[in-house]
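A closer look at the structure
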Amino acid sequence: MRRRLVTVLLAVVTAILVTPAVAVADTQGGETLNGQIRKPETVAGIDITVFQGDEEIGTATTDSEGRWEVALPGPGNYRVVLDEESVPDEFVVADQPGAEHADVNVRPGQQRTVIFVLAYADEASTEPSPSQSSDDADDGAGAAASDTEDGLAAPGVSSNASFGTKAIQLTVAGLLYGLIIAISAVGLSLIFGTTKLTNFAHGDMVTFGALMALLVSGMTLFAGLHTAVTNLLADVWLLGPVLGFVTRPMVLGTVVAVLLGAALGAFLERFIWRPLRKRNVALIQMFIVSIGLAMVLRHVLMVAFGSNRMSYPDFQLQAMLRLGPIAITPRDLVLMILSVLVLVGVAALLQFTRVGKAMRAVSDNRDLAESSGINVDRVTLYVWTLGGALTALGGVFYGLNQIVHWQMGFHLLLLMFAAVILGGLGTAYGAMVGGLIIGLVAQLSTLWFPSQLMNAWALGLMIIMLLVRPQGILGRRERVG
Amino acid sequence: MDILQVLADATRSAIGPVAAVYALAAIGLNMHFGYTGLLNFGQVGFMLVGGYGVAVSVSTFGLPLGVGFLIGIASAVALALVLGLPTLRLRADYLAITTIAVAEVARLIYRAEFLRDITGGVYGLQSFSTAFYQWNPFPSGTYGFGWLSFSARDLWVMTVTWGLVLVGSAVMWLLIHSPWGRVIKGIREDEDAVRSLGKNVFVYKMQSLIIGGVFGALAGAMLVVNQQTITPDQFMPQVTFYLWAILLLGGAGRTLGPVLGSVVMWFLLSVTDSVLRQLIATDVITFIASSEIGGVRHALVGVALLVLIIFRPQGLIGNRKEMLINVK
Amino acid sequence: MSSDVNGATVDRMAGVDPLPGVAKPDPILVVDGVRRSFGGLTAVDVEHLEVQRGTITALIGPNGAGKSTLFNLLTGFDRVDSGTWTFQGKQLNGLGGHRIAREGMVRTFQLTKALTRLTVMENMLLAAPGQTGERILGSFLRPQWRKQEEANRARAEQLLERFKLLAKKDEMAGSLSGGQRKLLEMARALMVNPTMIMLDEPMAGVNPALVQSLLEHITALRDEGMTVLFVEHDMDVIMGISDWIVVLSEGKVIAEGRPSDIRADQRVIDAYLGSGYEESGREPQTDTGESHE
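Residues numbered from 1 in each chain as written. Chains lettered and ligands numbered in written order. Predicted model: local features only at pLDDT ≥ 70, side-chain atom pairs only at ≥ 80, totals over all residues. Heavy atoms only, no water.

On average, chain C scores 83 in pLDDT, and the residues at 70 or more come to 89%. The low-confidence segment residues 1-8 of chain C (pLDDT under 50) makes 14 contacts with residues lying over four places distant or belonging to another chain. (pLDDT = per-residue confidence, 0-100. Contact = heavy atoms within 4.5 Å.)

What follows deals with the packing of helix α9 (residues 283-305) of chain A against helix α14 (residues 293-311) of chain B. Packed helices, taken two at a time, are described by the angle their axes make and the gap between the axes. Interhelical geometry of α9(A) versus α14(B) gives an angle of 155° and a closest axis separation of 8 Å. When the interaxial angle is binned, α9(A) and α14(B) end up roughly antiparallel. The element α9(A) and its partner α14(B) pack so that their crossing is left-handed. Across from Q285(A), I288(A), V289(A), I291(A), G292(A), L293(A), M295(A), V296(A), H299(A), M302(A) and V303(A) in α9(A), the residues of α14(B) making contact are G295(B), V296(B), H298(B), A299(B), V301(B), G302(B), V303(B), L305(B), L306(B), I309(B) and I310(B). Classifying every residue of the contact of α9(A) with α14(B) by side-chain character gives 16 nonpolar, 6 polar and no charged. (Axes fitted to C-alpha atoms, helices over the stretch in contact; angles between N-to-C directions. Helix = DSSP H or I, 4+ residues; strand = E, 2+ residues; numbered from the N terminus. Parallel < 35°, antiparallel > 145°, perpendicular 65-115°, else oblique. Left-handed = near helix turned anticlockwise from the far one by under 90°. Nonpolar A, V, L, I, M, F, W, Y, C, P; charged D, E, K, R; others polar.)

The next subject is unusual backbone geometry. Leaving glycine out, the prevailing phi sign among residues is negative, and the prevailing peptide bond configuration is trans. One non-glycine residue, S127(B), adopts positive backbone phi at about 45°. The class of S127(B) is exposed, set by a relative accessible area of 57%. Even without being glycine, Q88(C) reaches a positive phi, approximately 50°. Locating Q88(C) in the fold gives a position in the loop between β4 (82-87) and β5 (90-91). (Buried < 20%, exposed > 50% of the residue type's maximum accessible area, 1.4 Å probe, protein only.)

For the rest of this paragraph, the subject is the UniProt feature "transmembrane region" (unreviewed entry) in chain A. Residue and element names in this part refer to chain A. When the UniProt feature table is mapped onto this chain, "transmembrane region" (unreviewed entry) is found at residues 170-193, 205-229, 249-268, 280-305, 333-350, 381-400 and 456-474. The distance separating the terminal C-alpha atoms of residues 333-350 is 26 Å; by composition the span is 100% helix and 0% strand. In the segment residues 381-400, helix accounts for 100% and strand for 0%; the C-alpha atoms at its two ends are 29 Å apart. (UniProt positions renumbered as here; feature names shortened; annotations may be inferred.)

The next subject is the packing of helix α2 (residues 17-36) of chain B against helix α3 (residues 43-60) of chain B. All names here are of chain B. Packing of α2 against α3 brings their axes to within 10 Å, and their N-to-C directions diverge by 125°. On the basis of their axis angle, the class for α2 and α3 is oblique. The crossing of α2 and α3 is right-handed. In this structure, α2 contributes V21, A25, G28, L29 and H32 to the contact, and α3 contributes Q43, F46 and M47. Partitioned by chemical class, the residues of the contact of α2 with α3 number 5 nonpolar, 3 polar and no charged.

So, on to the interface of chain B and chain A. Facing the 71 residues of chain B at the interface are 70 residues of chain A. Of the roughly 6200 Å² buried between chain B and chain A, counting both surfaces, carbon and sulfur atoms make up 71%. For the pair chain B and chain A, the interface holds 0 salt bridges. Seen at the junction of chain B and chain A, the total is 4 residue pairs in polar contact (both at pLDDT 80 or more). (Buried area = accessible area lost by both parts, 1.4 Å probe. Salt bridge = Lys/Arg side-chain N within 4 Å of Asp/Glu carboxyl O. Polar contact = N/O pair within 3.5 Å; in protein donor to acceptor, adjacent residues only side chain to side chain.)

So, about the sheet that holds β5(C). All names here are of chain C. With antiparallel pairing, the 4 strands of this open sheet are ordered in space as β2-β1-β4-β5. Each having just a single partner strand, β2 (41-52) and β5 make up the two edges of the open sheet. Sheet topology places strand β1 (residues 27-38) next to β2; 10 bridges connect them, and they run antiparallel. Counterpart to V34 in the pairing with β2 is V46. Those strands touched by helix α1 (residues 67-74) are β1, β2 and β4, and its axis lies near 115° from that of β1. (Pairing = 2+ DSSP bridges.)

Attention now goes to the pattern of salt bridges. Under the definition given, this model contains 36 salt bridges over all chains. Notably, a salt bridge pairs R111(B) with D233(B), separated by 3.1 Å at the nearest N-O pair. Placement of the pair is R111(B) in the loop between α5 (92-110) and α6 (116-119) and D233(B) in the loop between β4 (229-230) and α12 (237-250), with a sequence separation of 122 residues. Looking at D233(B), the relative accessible area reads 1%, which means it is buried. R277(B) is the partner of D273(B) in a salt bridge, and the nearest nitrogen-oxygen pair spans 3.7 Å. Of this pair, D273(B) and R277(B) both sit in helix α13 (residues 257-281), 4 residues apart, roughly one helical turn. Residue class for R277(B) comes out partly exposed when judged on its relative accessible area of 32%. Through salt bridges with shared partners, one network takes in E269(A), R274(A), R277(A), K278(A) and D377(A).

The next point concerns the nonpolar core. Counting 253 residues, the largest nonpolar core has W273(A) and F41(B) as the members making the most contacts within it. Here this core takes 15 residues from helix α11 (residues 201-227) of chain B, the largest share from any one element. If we ignore the near neighbours within four places in the chain, the residues touching W273(A) are L197(A), N199(A), L268(A), M286(A), V289(A), S290(A), L293(A) and W384(A). Formed by 30 residues, the second largest nonpolar core is a distinct cluster that contains L29(C), F71(C), W85(C) and M198(C). (Core = buried A, V, L, I, M, F, W, Y, C linked by side-chain atoms within 4.5 Å.)

Structure, rendered in structure tokens:
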């Protein structure tokens, strides 16, 4: 079972076309069998042969992207065999679904995907990047959904770990997961509070942040800057290492991503939401606008960055630190500390600064705030800016902890909704509390239940909350009537 | 570029079985949003349980296809209850969030490893629709003329699915033009007012959710019967957003809105697809790979949704005056 | 302006002392210990209150006194923290808004809730009770509900005639003016066949010419035997037509009595002139529930 969790899921491959594309396939003609085999990177050079009865129909070898395709003479039943000899030594073919699909039915015009799964030959080889997440879908098939998070359950939990150790490890993983959800969800909650808008595009703002950091951290310019600084200041006490760290491409990338996220938030508010509010567009319509916006943003990012799973070049492959019963990578530890600092910072901002107080006032009662002289439009702009920045940061952290993928934000969105509803729609602190609970529940559920369902438990909790206390933990009972 | 070929493909797509399936599911969504004002963003969840109702019953348990359809419908009723009980008393956006979340949870459960023996996990199920094609009354061959011809199989699927669309539209018309429909429309306008007149708003909303959900389940069942296979990952949230775009394009709150919307939508999608494909093939467009056409198409549907809801919320056949009255 | 309406020379409340919580000879509505608070702020805290059958009773008080909240609680549109109330001897607490309406206690809203994309006639027909065609299966049996529909239509036309809306019956309710919507809402409430009608600020935002006509409609309802409880701001209006006035301040009943009693009551004057204006700083906050309905 452990082997399944840590290794098999690391290498699942599917390439299922998006549903609507099924319709198009009907009109394209030309039956084929195809698929894609990828490790965290893709695996090329694997031979796959298609038979009908005993007759060999065709052979294909996976290309540099792990893709293969065999054209068929027509619809019918086929046998697809993966040549185990051609699999590189470090991999083996996973037991499920094995190296042979005996009875693959292809109907007229179908371009059918056949799934082969590889696993690492040596389980130990997965240890260096334990929270490197699993891999499966592309092309819009969100198989990514569950399996992406499966990897998260893994850190440092060895197969023979006792229940107690596992519980501690999962608590740590859950806290980190929860903190990331909380950071991203605070903006969602504040935006809801100030404008009553449920922003469906929030998840894709997470993806935006993560991808911007990827873009920037990959730029040679910054790599060059980093080398220059470290070389120049290598011998300077304190300043050298500090500047060396600060100019690491990933750190700079994070900063730029947060700034761009803030800019995106401000841009959306200034050029979409404010004009719509001025036009007196009804909330339900705004709601649908945010869905349209989400679809545009998500798929533009997909076309621009591709549908592959990526990871940041920096801070990968770290050795575990052992702190008593807890094993954690330095990266995750730093992420946790930074997340706590950021949340405390946001709380301080809301509690003690003028802008923060104004945000809470608008969130509490927009009309009252307006009548008491607060410039509501400006405060809303600040909220979107802050929300955009936090969301981008959440995206970078999520990407560091797991992987970067064009659908990462959408999956986080549902958990953010759960967090926000759990804590109380519209309250910033509620989003923080809710985020932590959701993260913990999702992770700890894997102690007893299949990890594929970890998000299902978190969302189930949200539904129970709606039944019992719809206003959330920190929300106030609403006035009706 | 072969424009005639593009148009021919688009026409086939517009009257094909998939357009009919989407029309059927959008009829359900029209019940929810167009008439009752319920924000259901999880219609794909109803399609999923409907599709699996058929596939699991027949493929896994060896039940007759007809029983499979009934089980699919029963699953939709159960899903509507799960969705409605916690949320229908709350503000509209809670239902929106819950529906999208529950549809996604349902997908996660149906693809989960521990149910593999029943649902086939991520690989889904096949060979459950043989009976359907055995009932095909059309002798095999090609029907139609020239570019607009369909195989006997396609014709049979189309006849049944468009037949369901027709029956569905008629049922919807009867329901809406009755005192029941008046209450439903009243709830869309202002549920507190309707409650103050002694109507049990919760029950009406639940009935609406169930009816619309059953249409979704039928659509899901016909979708997988047409494909002859089912996989969980074809039931992504995007499907729901397509349905919304279809409904808003055709005109929400109109009996024929979803039907017209689906036909026009699939025509346009097919045209953009073919044009993009041809442009890429001839290297006119180089920044998009052909594998990314699906993504571009999703983005275009997103744009359509945005533009429609802001500038033409009444869709193609809605009444603009009626729509404007509703805005605040 | 209210002199002619004020032809209520009959004292329908004869022999009742003007004291908060006083017992009435024939109460239709009895409220006991109803409390409701919002985040620590007590909005309503009514010890005991009775409403006399067949009278016009007005509920007044400064902004944020809890009038609308009390209204919402009694009609089942909000849930009480504690307390009970009975209507015609039947305990109503815990019942939903629609059940209370079916018991015969029908309300209107401060901001009119015309069903804008339905016609005026559809608005009326919707309100008719006990329609078989409103059941999901019944809706398919057209011949079954046809007859009932015709009867309801006839009754709706009478009511529309009375409220001078008959000419508009096929227009969308959304196209009516503010005053006409108020009239439609009242007519629609009557379609339910209520024994008691609860009007939430029926004169708010109505032009003065129409106020007079609304007042006549209200007194006519009482004269037909209906009980009317209404919330109102405008003192002149209240004094003119009410048989009895209940004054609410900070959620509590501070005074009750005939218009003449209330006019002379020092506590009422204090409540209106004192708390209403001096603490204007927090006034809007406590008022949100009312302005947001």
